[in-house]
Amino acid sequence: MVTAAGPWDSTGQRTAERDRVVAREHTGGADHGRGSGAAGSPRPAPSAGAVLAALGGTTAPGGGTKAAPADGTAVAEVLDPLLKDPALGTHRAASVVDLTTGKRLYGLGGDVPLTPASTTKIATAVAALTALGPDHRLTTRAALEADTGELVLVGGGDPTLTAREDARGLASLRTLAEKTATALEKRDVRKVTLSYDTTFYAGAEMHPIGVNENLAPVTALMADEARTDDSTSGPAPREADPADAAARAFAGFLKQHGITASAPGPSKATDRSDTLATVSSPPLSALVERMLTNSDNDLAEALARHTAAASGRPADFDGASAAVGETLKRLGLPVGGARFHDGSGLDRADLVTADLLTALLAEAADPARPQLRPVLTGLPVAGFTGTLAGRYTDGAAGLVRAKTGTLTGVNTLAGTATTPDGHVLAFAFLANETTDPWTAQYTLDKAATSLTS
């Protein structure tokens, strides 16, 4: 396994991969804000274009030339029995594409729309990166109304804004308070009326699933995804009013710097306000990776709304859903039958085809689309990271990277698998109306593992 995947360092980057790039004197890709730039610090991971072969070529990652599979007969022989398993319910679909050649190797109801669950996040990721670019950052700011003296905490739609002492590279509410206090002191202001602005988003805050530990109310201002515990991913109890909670925390940090603030309330910053301080998230490339690795629903809904805003649509559920679909259509992807109702896949009304999922992965692997590479690098690594950390430990660990999807009666899996001859395959498996989620998950894992052997 180590021979195939290589050793991993503390950032999750393959050490051997990094050393190879250094040896070849390649510049490499973005480090997503993790590196310090100091002498001796790890160099950025290589851009995926240097790792993945072009869709139209047959160059292998190691520099040699490998022949693409002549047809999908071998794939069908392996997958057909697995995908007929009754554990996969009454509706199932599959698609497998060779990312080296772009050739479709397998299809089973690939054009039939089914409920995708969290594999919807792959579509959200492609749409957001296309609409905003990988370097885009989400900014939270503090603005002072010159005529009234009101201090407004303006949400920029960054659910990763953190109130924790160790920000770990995220935008820090504590830092924003410190910067704001310094700016206020320069104006000889020691007491403010505090308010908060969430108008970057529109429409309802509550997801159709209602109150749920998998997702906070969708608002443009929150800290630590409105989690009320110390968790950073997965289900957790949430604040009922994330914006108010973030503003109250901000007031507490201001007090530590000698600024007294009133109890906060909702408001809207005017065009006449002066921005006193800002903090920004890591680049969108890193946010997409986090969203996919952790299956982060809060981040998925935020990125869908940012896609809507960048597309000139209202940043609400309807606007975000329309913007994602329109963006994918402009890319020429097979969106027929697809229906998006949110960015996370928690809405059971979402519909996606297996063909669309593999087309999204192929688009992300296209050398002409380097801005989409975080879609691939963010996929959980089997046996190592995110939602696949505890799976494939006795099978294709390190060889499968995939986004999982699970709702009651729905099991899905979409990602990439590396074959023994070095080809990278994109696959998508969707099963609806399953009755035994654990057996269905095991069967899909077996299907993905079969592509690596």
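In this report, the structure presented in the accompanying data block is examined.

Rules of the game
- Residues numbered from 1 in each chain as written.
- Predicted model: local features only at pLDDT ≥ 70, side-chain atom pairs only at ≥ 80, totals over all residues.
- Heavy atoms only, no water.
- Helix = DSSP H or I, 4+ residues; strand = E, 2+ residues; numbered from the N terminus.
- Contact = heavy atoms within 4.5 Å.
- Buried < 20%, exposed > 50% of the residue type's maximum accessible area, 1.4 Å probe, protein only.
- Lys, Arg positive; Asp, Glu negative; His and termini not counted.
- Salt bridge = Lys/Arg side-chain N within 4 Å of Asp/Glu carboxyl O.
- 1 Å grid on protein atoms, 1.4 Å probe; cavity = no way out; pocket = protein on both sides within 12 Å on 5 of 7 lines; lining within 4 Å.
- Points joined across faces, edges and corners; volume = space filled by probe spheres on them.
- Nonpolar A, V, L, I, M, F, W, Y, C, P; charged D, E, K, R; others polar.
- Pairing = 2+ DSSP bridges.
- Core = buried A, V, L, I, M, F, W, Y, C linked by side-chain atoms within 4.5 Å.

A word on the environment of Leu-379
- Tracing the sequence through the fold places Leu-379 in the loop between helix H11 (374-377) and strand E9 (400-407).
- For Leu-379 and Ser-295, which are 84 residues apart along the polypeptide, the C-alpha to C-alpha distance reads 9.4 Å.
- Look past the residues within four positions of Leu-379 in its chain and what remains in contact with it is Leu-292, Leu-361, Arg-401, Ala-402, Lys-403, Ala-414, Gly-415 and Thr-416.

Considerations on the side chain of Glu-145
- The residue Glu-145 is located in the loop between strand E3 (139-144) and strand E4 (150-154) in this model.
- Lacking a salt bridge, the buried Glu-145 has Arg-272 as its closest oppositely charged neighbour, with an N-O distance of 5.1 Å.
- Setting aside its immediate chain neighbours within four residues, Glu-145 contacts Glu-150, Val-152, Lys-268, Ala-269, Thr-270, Arg-272 and Ser-273.

Concerning the layout of surface pockets
- Taken as a whole, the second largest pocket encloses approximately 390 Å³ of empty space.
- Taken together, 23 residues make up the lining of the second largest pocket; nearest its centre are Ser-118, Asn-214, Ser-295, Asn-297 and Thr-387.
- Only helix H8 (297-310) and E9 provide two or more residues apiece to the lining of the second largest pocket.
- It is E9 that contributes the most residues to the lining of the second largest pocket, 5 residues altogether.
- Within the lining of the second largest pocket, the residues separate by chemical class into 3 nonpolar, 13 polar and 7 charged.

So, the pairing of strand E11 (residues 424-432)
- Most of E11 sits out of view: 9 of its 9 residues are buried.
- Because side chains alternate across E11, one face comprises the buried residues Val-424, Ala-426, Ala-428, Leu-430 and Asn-432, and the other comprises Leu-425, Phe-427, Phe-429 and Ala-431, equally buried.
- When strand E1 (residues 91-98) meets E11, the two strands line up antiparallel, connected through 8 bridges. Bridged to Ala-93 within E11 is Leu-430.
- What sits between strand E10 (residues 410-418) and E11 in their antiparallel hairpin is a turn of 5 residues, with Gly-422 showing a positive phi close to 95°.

Comments concerning the nonpolar core
- In terms of nonpolar packing, the biggest core is built from 50 residues, with Ile-122, Leu-328, Phe-340, Leu-356, Leu-357, Leu-360 and Val-375 touching the most fellow members.
- Elements represented by at least two residues in this core include exactly helix H4 (120-132), helix H7 (284-294), H8, helix H9 (317-330), helix H10 (354-365), H11 and E11.
- Beyond its immediate sequence surroundings of up to four residues, Ile-122 is in contact with Leu-292, Leu-357, Leu-360, Leu-361, Val-375, Lys-403 and Ala-414.
- Counting 29 residues, the second largest nonpolar core, distinct from the first, contains Ala-163, Leu-173, Ala-181 and Ile-259.

All we've got here are geometric facts, nothing functional implied.
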